[in-house]
Amino acid sequence: MIVTRPRLDGEQLNIVKRLAERANISETFARILYIRGIDTEEKAARFLSPGKSHFTSPFLLKGMKETVERLTAARDNGEVVVVYGDYDADGICASSIMFFALREFGIEAYPVIPERADGYGLSEKVIDAAMEEYNPDLFITVDCGISGRNEVEYIKDLGVDVIVTDHHELPEVLPDCVIINCKLPEQDYPFDSLCGAGVAFKIATALLGEKAEKYLDFAALATVADSMPLVDENRDIVYEGLKLFSGSSTRECFKALIEASKAREMNSTTLAYTIAPRVNAAGRMGDARCALRLFLSDDKYEIFNLAAKLTEYNIKRQAECDELYASAKAKLREKGAYRRIILLEDGGWKNGLVGITAAKLVEEYTRPVIMFVNRNGVLHGSARSIEDVNILDAISHNKEYLTEYGGHSQAAGVSLKEEDLPAFEAAMDEYLSENYGAEVFVPKQEVEDYIEEDFTLDLARELNLLEPCGTGNRKPLFAVRTGSVTPIPLRENSPHLNISTEHIDLIYFGGAPQDALLRSSVKKIFVFEPNISSYNGRESLRGYVRTFETEIAPGRELGLELYMKNLRNLRGKGGERAEYLPQAEIKDLVKEAVKSPYGTLFVASNMKTLEQFPELKDLPLDLGAPRLKNLGNCVVLVLSGGDISGYRKIIYLDNPVYEVKRLKTAGVYVNGDIKVSDMMPKINATRAGVGEVFSAVTPFSGTAASSSAELYAALSEKVPYITRYQFVFAVEVLEELGIIKFENGKMKYDKSVRADITSSKIFTKSGGRN
C-alpha cells in the first residue's frame, strides 16, 4: 500500500515557501524538510550543517560529574578498571571507545566482552572470571547494566565499585550505583536516543575534551548498527564519524574491513549493510572477542587476519541464517500465520541468529515476530517489530508469563518457560488486537509525493543534503504512475531491468520475474529512490525501484487482460474438483473470513463480480497472484500463479470458465451461482475463426510483444476487422500449440510446428469445433 506524506494546508505551504526562500532551497525540498519537523529557518540551518559544532556538553548527563571524579581518583590512585561491554557491534564499539579513552586518560583498563552463550547483560560467571584475572578496583559497564541491579550488588559485595553506562530502556528498579543513561529522567541532556557507544563517547569527551573526537568512527558505526534514529546529535556523530572512514585518517581495523568488503564508498548505508554485519557476525557466531581484538590491535598482520576472520564469520552467518529462515518458514506453513504476532520456537536454532531471522519475517509478514531457542524447557527469544508497534510495551503488559525481558520499542529479548508459551502467545495477540488497528499491520510504503513532471538532477542533489540517512531520517522515496512499459535487461539474461517512464528512467533490480505484468496495459505505480551516478565526470540520474503496485479499476483496458488470463487457466492440469457452493453460502463464508485479517484469498474472474461483495472493497486488489507475502486477506483477479501455500481458505467469488481444483494446503470454495461463462464475450471458436487470425498475424513475426493482449495493441490497426477478444482467443490457442511464441519481448512464428487444433485445451474447453 503506497501512502503519501500528509498534505499541507495553506498556512503550512506559506511556511514552506518562506523556508525555501530563506534557506535558498527549492520548495519541494523545503516541503520534505517541513514534514520531517524542520519547520523554521533555524532548524533548517541546524539540519543542513550537521557536525561537531552541535555537540551537547557531556556534563548535562546525570552522573557524568560523579563518573569523572571517580575515574580521576582511579587514575591518581593507580587503580585497575574493568570495562564490561556487550557482544554486539554497539557493545564492542563502546568497549573500544572506553578502553582507548581510559588509556589516554592514564588508567590501566581491561575490556571484558561476554559471549552470547553467557546471556545478555551482566553475568556472574563473566564477573567472576574478570575478578580472578584482573582483580579490579572498579567496574564500568558500557551498553549494558541498567537492568542488572542484582549483578551490580554482587560486584559491590566483592568490594568493587561500579559505574553503569547504558542507553537501554529503564527498568522499574535501577541499580544502586552511579548511572549514566541518556534516558534517565530529570536531567538536562536534551537527547535521549544515543547508543551505548554514543554514551561512551560522551564520557570520553568529558575526560579528554576534543581529543575524544578521534573515536567518532566507533560511535558512528555503533549508532548505525544499533538502528538509532539519525536525527539531532546522532546525525552529528555519524556525519563526523564518516569523515574518519576515508583518507589517511581511517583506522587500520576499518581499512581492513573496507578492503575485505570491497566497499566503493563510505556512507551510512555502507556502515549499516557492509561493515556492521561483519562486526555483529563475531558475536552471532560465538566469538565477539574476535571483533574486539580487531578494534584494539595495532599489529597490521593481526588486523588483516582478524578482518578476514570476521568476513568468514559473516559468510557462515549468512548461510546459517538461510537455513534458519527455511526452518522457520516450514514451521509457519505447518502452524499458519493468522494472528497479529508470530511466535516460533525450536531447540536447534542458534541464539545469535534468531534476531536476524525474526527481522526478516517482520518485513515479510508485517507484524511483530518473536523467535525462541528452547534450552531444556526454557525459551530464550528475540523479538522484532514493525515501526508502529512498540513491542516492549506489549511484552511488559504480559510480563506475568516471563522470567526475564528487556529491550527497545522495536527489538527486545524475552525468556519464559515452555509451558507458558501458548498463554503468552494468546495474550500478546489479544493486546495487539485491542491496542492497534488493522491498518497498522498492512504493508505500507510511504512516499514524499507522486511526481507529475520531470525529476531533475538539481532536486536529486538537494536530496543528498539529507545524508546521513537511516532510521528516523530515511532516504526519500517518490512514486510515478505509468501504463505499459517496455523493460530492457541491463545485459543479456540479466534479472535487472531498465524501465523508461515519462518523468524518470528507472532501474528495477531483480525485476525480471515481473516482466509480463510490467508490459501489460494495467496501470502501475513505481516507488523509487532517486540516485545520482557519475561516470567520466558526467552525472546521470536514475530511480532505483523499491516496489510497484497495480492500479486496478473497472475499465476496458483491463477486460482484455482478464480475458487472456481466464483463457490461460483452461490449460490447467487435472485434479479433484473443489467444493462448489450456492452464493448464499459463499456470502456467509466471506462474512466469517473477514473477521480475521489473515489467511483468506478471495478470487474473482472480473470486476463486476466484486460489486456483490462490498465487504471486500478495502482489501488489496491484485492481478494474477497476491503480490504481498504477509498472508493478509486480499482479492486476486483471475488467480494464475504465485505462492498461495500459506492461505487457509481460498474463496472463488464466481464460477470461472475453468474447473477449480482442490488443494491439500487450504479449503477451496467456489461460488457456483455466478457463471463467468455467461459474462464472456462471444467469439468464433472454430478452426476457421482461429485460421483467420493466424493468417493475419503470422506475417508480423518479430513484432514487439510479450502476450496476446500486447500483440493486439501492436497490430489492432492492421486487423480492424478482427475483434480484440477473437484476436486474443486465437493467439492464445496458437501459442498453446507452439505455433506462435513470445520470446525476449517479441512474437515469433515457428513455421516448423504442425499441430492439431483439437489438442488445444483452450480451444476444446471453449466449445471449439471444426
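For the structure itself, consult the block above.
Parameters and conventions
Residues numbered from 1 in each chain as written. Predicted model: local features only at pLDDT ≥ 70, side-chain atom pairs only at ≥ 80, totals over all residues. Heavy atoms only, no water. Helix = DSSP H or I, 4+ residues; strand = E, 2+ residues; numbered from the N terminus. Rg over C-alpha atoms; globule rule 2.2 N^0.38 Å. Buried < 20%, exposed > 50% of the residue type's maximum accessible area, 1.4 Å probe, protein only. Expected span 1.5 Å × (residues − 1). Pairing = 2+ DSSP bridges. Axes fitted to C-alpha atoms, helices over the stretch in contact; angles between N-to-C directions. Left-handed = near helix turned anticlockwise from the far one by under 90°. Contact = heavy atoms within 4.5 Å.

Next up on the list: the overall build of the protein chain. Summing up its helical and strand segments, the protein chain has 26 helices and 26 strands in all. Rg of the C-alpha trace for the protein chain: 31 Å, near the compact-globule value of 27 Å for 770 residues, within the 12% margin. Here the C-alpha coordinates of the protein chain stretch approximately 105 × 65 × 55 Å along the principal axes. For the protein chain, with 770 residues in total, the buried portion stands at 53%.

In this model, helix 25 (residues 724-737) (14 residues) spans 20 Å end to end at C-alpha, consistent with the 20 Å of a helix rising 1.5 Å per residue. With 12 of 14 residues buried, helix 25 is to be regarded as a mostly interior element. Among all positions in helix 25, only Arg 724, Tyr 725, Gln 726, Phe 727, Val 728, Phe 729, Ala 730, Val 731, Glu 732, Val 733, Leu 734 and Leu 737 are buried. Following helix 25 by one or two positions, Gly 738 adopts a phi angle in the positive range, close to 90 degrees.

Within a regular beta strand, the side chains point alternately toward one face of the sheet and then the other, so they alternate between its two faces. Where strand 13 (residues 478-482) and strand 17 (residues 523-535) come together, five bridges link them in antiparallel fashion. Bridge assignment links Thr 482 to a residue of strand 17, and that residue is Lys 524. Where strand 17 meets strand 18 (residues 538-551), 13 bridges bridge the pair, whose relative direction is antiparallel. Note on strand 18: the bridge partner recorded for Lys 524 is Thr 550. In textbook terms, the turn of a hairpin is the stretch between consecutive antiparallel strands, and for strand 17 and strand 18 this stretch comprises two residues, one of which, Asn 536, has a positive phi near 55 degrees.

The interhelical angle for the contact between helix 13 (residues 288-296) and helix 14 (residues 300-335), taken along N-to-C directions, is 145 degrees, at an axis separation of 9 Å. Pair helix 13 / helix 14 crosses with left-handed handedness. Residue-level inspection shows Cys 290, Ala 291, Arg 293 and Leu 294 of helix 13 in contact with helix 14, the latter providing Ile 303, Leu 306, Ala 307, Lys 309, Leu 310 and Tyr 313.

With mixed pairing, five strands are arranged side by side in an open sheet as 7-8-9-11-10. The sheet is open, and its two edges are formed by strand 7 (342-346) and strand 10 (404-407), each paired on a single side. Direction aside, the axes of adjacent strands within the sheet are offset by 15 degrees on average. As paired elements, strand 9 (residues 378-384) and strand 11 (residues 411-417) share seven bridges and run antiparallel to each other. Bridged to Ser 382 within strand 11 is Gly 413. Strand contacts of helix 14: strand 7 and strand 8 (369-375), with the helix running at about 115 degrees to strand 7, the strand carrying the most contacts.

Geometry only, nothing functional implied.
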